[in-house]
Amino acid sequence: MIKIKIKVKDRRIIIPIPYAFLHLSTRVLTSKTILVHINRAIEKNGQNHFQFPYISWNDLKPLLKELSEQRGLLLLETNLKDGTEVSIRL
C-alpha cells in the first residue's frame, strides 16, 4: 500500500493507495488505445513533437513486483515554505 501524507497547517490528510489500484492503472495506461489517444492530444497542441512511447505491461510487471516488496521505503519527502509537508511511502 502506498501512503501519501499531506500536512497543511493544522490538518493532516492520509491517502492510502492499494497496490491493486496501482496495477490496474498501469494496465490501463499501457494499453494501445489509451496511448493512441494521448499521442493525438499531444499532436493537437502542435507545439511539441513529443510522442508518448509504448511501454509493455511485461516490462513494468517486474518493477511493480519489486516495489511491492520494498515496504516502508520513503519515495518523497518535502517541506514547503508555507509549512506544507508531503511524504510518499511504500
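Residues numbered from 1 in each chain as written. Predicted model: local features only at pLDDT ≥ 70, side-chain atom pairs only at ≥ 80, totals over all residues. Heavy atoms only, no water.

## Concerning the packing of helix α1 (residues 19-29) against helix α3 (residues 57-69)
This is how the line gets drawn: Think of each axis as a best-fit line through the C-alpha atoms, taken over the contacting stretch in the case of a helix, with angles from 0 to 180 degrees between the N-to-C directions. Numbering of helices and strands starts at the N terminus; helices are DSSP runs of H or I of at least 4 residues and strands are runs of E of at least 2. Here is the rule for angles: anything less than 35 degrees is roughly parallel, anything more than 145 is roughly antiparallel, 65 through 115 is roughly perpendicular, and the remaining ranges are oblique. Take the far helix as the reference: if the near one is turned anticlockwise from it by less than a right angle, the crossing is left-handed, and if turned clockwise, right-handed. Throughout, a contact is declared for two residues whenever any of their heavy atoms are within 4.5 Å. For this classification, Asp, Glu, Lys and Arg are treated as charged, while Ala, Val, Leu, Ile, Met, Phe, Trp, Tyr, Cys and Pro are nonpolar and the rest, including Gly, are polar.
Direction vectors running N to C along α1 and α3 enclose 165°, while the axes themselves pass 11 Å from each other. Taken together, α1 and α3 sit at an angle that is classed as roughly antiparallel. The way α1 lies across α3 gives a crossing that is right-handed. Touching Y19, L22, H23, T26 and R27 of α1 are W57, L64, L67 and S68, all from α3. Broken down by class, the residue content of the contact of α1 with α3 amounts to five nonpolar, three polar and one charged.

## So, the pairing of strand β2 (residues 11-17)
Selection rule: Any two strands are treated as partners once DSSP identifies two or more bridges connecting them.
Pairing of strand β1 (residues 2-8) with β2 involves seven bridges; the strand directions are antiparallel. The partner of V8 across the bridge, within β2, is R11. The turn linking β1 back onto β2 is made up of two residues, and K9 within it adopts a positive phi angle of 50°.

## Observations concerning the sheet that holds strand β3 (residues 74-79)
The pairing of strands in a sheet happens through backbone hydrogen bonds and is either parallel or antiparallel. Spatially, four strands are ordered β2-β1-β4-β3 in an open sheet, and the strand pairing comes out antiparallel. Each edge of the open sheet carries a strand with a single partner, namely β2 and β3. Averaged over all neighbouring strand pairs, the angle between strand axes comes to 10°, with direction disregarded. Pairing of β3 with strand β4 (residues 85-89) involves five bridges; the strand directions are antiparallel. In the sheet register, N79 faces β4, and the bridge partner there is E85.

## Topic: the confidence of the model for the protein chain
Using the following cut-off: How sure the predictor is of each residue is captured by pLDDT, a score from 0 to 100.
In this model, the protein chain carries an average pLDDT of 86, and 98% of its residues clear a pLDDT of 70 or more. Between the elements of the protein chain, mean pLDDT differs from a low of 82, seen in helix α2 (residues 32-45), to a high of 93, seen in β2.

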